[in-house]
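Breakdown of the fold
Below, each chain spelled out in residue letters.
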Amino acid sequence: LRRCVETAEIILSGRDVPLVKTAALREQDYGVWAGKTYAEIARGWPELCEKRERDRVNSRPPGGESLGELRTRVIAQMEEIARTHYRGNVLVVTHGGPAFVFFSTVMAPDGAFRGNFTVANCAISIVAHTRFGWKLQMLNGASPLRGGY
């Protein structure tokens, strides 16, 4: 969350816009897997890695949360943001995992995760919440860190 707050502070610098922090948009909790490489995880938990390959949504690292739990947390927060700010624009700065589950849900409301896209670091994406639901307007637009804007 610290990196997201620092990024948001840079973006909002000089603007009269409040910064609201929420743990609901933090990165997925990887439990005991946090900080480990995939090779270390595969060696230490081979059966769980196989299960995760078969069921990405419901399997969870020991002491962590599943992708489905992450999605539930993120979507609930984004819906709350949409309800609270239904007449305005909102800047959301978050990590790759929460962004992935949110965009995946927007693109596939049936709940199926789509792994055929990437959420680029520091990219700008735009979504709108309409009476028909979420609409993705731009994914991975130009980033100031990649020479855009």
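Residues numbered from 1 in each chain as written. Predicted model: local features only at pLDDT ≥ 70, side-chain atom pairs only at ≥ 80, totals over all residues. Heavy atoms only, no water.

So, the packing of aromatic side chains
For the record, the criterion: Only Phe, Tyr and Trp rings are paired, with Trp represented by its six-membered ring, and only when their centres lie within 6.5 Å; those with planes under 30 degrees apart are stacked, over 60 edge-to-face, the remainder tilted. A 1.4 Å probe rolled over the protein chains alone gives each residue an accessible area, and that area as a share of the maximum for its type sets the label: buried under 20%, exposed over 50%, partly exposed in between.
Per the stated rule, a full pass over the model turns up 4 aromatic pairs. Arranged with centres 5.6 Å apart and planes meeting at 55°, the rings of F102 and F103 form a pair that is tilted. There is no split in this pair, since F102 and F103 are both buried. A network of ring pairs unites the aromatic residues F102, F103 and W134 as a single cluster.

Looking at the pairing of strand β2 (residues 133–141)
Note the following rule: DSSP calls a pair of strands paired once it identifies at least 2 bridges connecting them. Counting from the N terminus, the helices are DSSP H or I runs at least four residues long and the strands are E runs at least two residues long.
Direction of pairing for strand β1 (residues 124–130) relative to β2: antiparallel, over a ladder of 6 bridges. Paired with A128 across the two strands is K135, which belongs to β2.

Some remarks on helix α1 (residues 2–12)
For clarity, the cut-off: The directions considered for the arc are those from the helix axis to the C-beta atoms.
Residues of α1 that are buried include every one of C4, V5, A8 and L12, and no others. With its buried residues spanning 100° around the axis, α1 presents them on a single face. Set apart from the buried face of α1 by more than 90 degrees, the exposed residues are R2, R3 and I10. Following α1 by one or two positions, G14 adopts a phi angle in the positive range, close to 80°.

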